[in-house]
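# Chains, contacts and geometry: an overview
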Number of protein chains: 2
Amino acid sequence: MRVYGGVTGADRKAERRAQLVEAGLDLLGGAEGDQLTVRRVCGRAGLTPRYFYESFADRDELVAAVHEHVVQTIATRALAAVEAAGPDAEAKIRAGLAELVRAVAEDRRHGRVLFSVTLTDPLLARRRVESSRFFARLLSGQARQSYGVPDTPELELVAQFMVGGLAQTLSAWLSGALRLSEAELVAACVEIFTAIADRKAPPPQG
Amino acid sequence: MRVYGGVTGADRKAERRAQLVEAGLDLLGGAEGDQLTVRRVCGRAGLTPRYFYESFADRDELVAAVHEHVVQTIATRALAAVEAAGPDAEAKIRAGLAELVRAVAEDRRHGRVLFSVTLTDPLLARRRVESSRFFARLLSGQARQSYGVPDTPELELVAQFMVGGLAQTLSAWLSGALRLSEAELVAACVEIFTAIADRKAPPPQG
DNA sequence: ACTTTCTGAAAACGCTTGTTATCAGATCAG
DNA sequence: CTGATCTGATAACAAGCGTTTTCAGAAAGT
């Protein structure tokens, strides 16, 4: 690993790895989700299979890296938005959802990796189950904190329902099946979330 | 196509086709959704590839047949339950959801083919998008009829949200991640559905 | 200079897939 | 019995996959 082209060995390797992750994001988040093959991702990254296995033990490791990258990016942004919002529960919901939607609209590949129903990679599907659970736990934790509800299986169900509904909604929106602006989308989702959260004690509102 | 073993040719062919669909349902609705290969489905059906192509032009045709069969079965049962219920909107929702849950609990393969998130067949994924839209249209039609709401993009969004949330919930329940009885599951879903439906005019209830 | 190492392209290996063809033997029709 | 046809098992084919290896040449170290 000596210096090459004025670049250190570790830097070159990191650069190649980043190119592979970026190409993987292109393919995983593209229209056809099952197109992430080693040959294809290398072609798109302008590299050869030899360099693929320099950074990843196998194909699944790249898929995991791409998904991890996306989850980290999105979760960080959404959580920051929630914490920056006031103490009001609905304000938190609105801030988190707005930031989430903004993020997936800015880079639709991220949204598709997280939510698109037409992605058919087996490992990605399994990881999505876990990240859905993760997001659901975040939600239910927020609910216990803001609404003071106990941690029951029914709360878990509600959180799963919200995550699944949001995923389907964003997937449809990203695919162009829902003719709504970003603001309308956020408003509708906030409405639904608060309706579910308040379902047993609806506020006196018309 | 002469008589063989006392069975007419058409009957034998139909029998073999039914065995293939049943085996396909086993595999598509099994734990690993990507195990439906021609060789495997034939092995499980006790037939050989030659008979596969006697009834299906290619692998995708079998996947489509299995999915179609499941959708028809479930939709028929759920619609019948809705129509048998009284004119009250919540009663209809409860009847439809209860029958849907009963159906997928009776034969979990059906539930998984329709809802499981870990099924990664590309054609099945595409068909699910369409059937989700179909179910969403059924729902929004019901809403327009029962609640008199106009057919806006926001109604479409709400329907998609409900379908997606229900799919995630049933998928989690079938996988054993939600420790709830069938009755509790139905009750919780009804609660969520009515909360969303009534979100702008909540009934005066504690 | 010469040797080591990194690069990029390509070929190779072993496997699974969908799909089609082969073939010996069982079962029917006449 | 004779010959046509259905059966079931198996092999064949071409393609794509993940993964490993080979190899000629460019760049660096000494």
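Now for a look at the structure at hand. None of the values given here were measured: they were computed from a predicted structure.

## Considerations on a nonpolar patch on the surface
Residue and element names in this part refer to chain A. The grouping of L79, F134 and L138 at the surface amounts to a nonpolar patch, some 230 Å² of accessible area in total. Structurally, F134 is set in helix α7 (residues 122–147). A relative accessible area of 39% places F134 in the partly exposed class.

## Focus: the nonpolar core
Core analysis: the largest hydrophobic core is formed by 110 residues, its most contacted members being I196 of chain A together with I196 of chain B. If we skip the residues at most four places from it in the chain, I196 of chain A touches V158, F161 and M162 of chain A together with F161, I192 and I196 of chain B.

## Here's the deal with the protein's contact with DNA strand C
Residues and elements named next belong to chain A. What surrounds DNA strand C is a group of 22 residues, the closest being M1, R2, R12, R16 and R50. When atoms of DNA strand C within 4 Å of the protein are sorted by moiety, sugar and phosphate together comprise 51%. Measuring from a base nitrogen of DNA strand C, one finds a side-chain N or O atom of R39 at 3.1 Å. Within the contact set of DNA strand C, a base nitrogen lies 2.5 Å away from a side-chain nitrogen or oxygen of R50.

## What about the side chain of R128 of chain B?
Residues and elements named next belong to chain B. When you line up the elements, R128 lands in helix α7 (residues 122–147). Although buried, R128 forms no salt bridge, and the nearest oppositely charged side chain, D121, lies 9.2 Å from it. Here the side chain of R128 touches S116 through a polar contact of 2.6 Å, landing on its backbone oxygen.

Conventions we followed
- Residues numbered from 1 in each chain as written.
- Chains lettered and ligands numbered in written order.
- Predicted model: local features only at pLDDT ≥ 70, side-chain atom pairs only at ≥ 80, totals over all residues.
- Heavy atoms only, no water.
- Patch = residues over 30% accessible without salt bridge, like charges linked within 9 Å, V, L, I, M, F, W, Y side chains within 5 Å.
- Areas by Shrake-Rupley, 256 points an atom, 1.4 Å probe, with all protein chains shown as cover.
- Salt bridge = Lys/Arg side-chain N within 4 Å of Asp/Glu carboxyl O.
- Helix = DSSP H or I, 4+ residues; strand = E, 2+ residues; numbered from the N terminus.
- Buried < 20%, exposed > 50% of the residue type's maximum accessible area, 1.4 Å probe, protein only.
- Core = buried A, V, L, I, M, F, W, Y, C linked by side-chain atoms within 4.5 Å.
- Contact = heavy atoms within 4.5 Å.
- Near = heavy atom within 4 Å.
- Polar contact = N/O pair within 3.5 Å; in protein donor to acceptor, adjacent residues only side chain to side chain.
- Lys, Arg positive; Asp, Glu negative; His and termini not counted.

Spatial relationships are all this shows, so hold off on functional conclusions.
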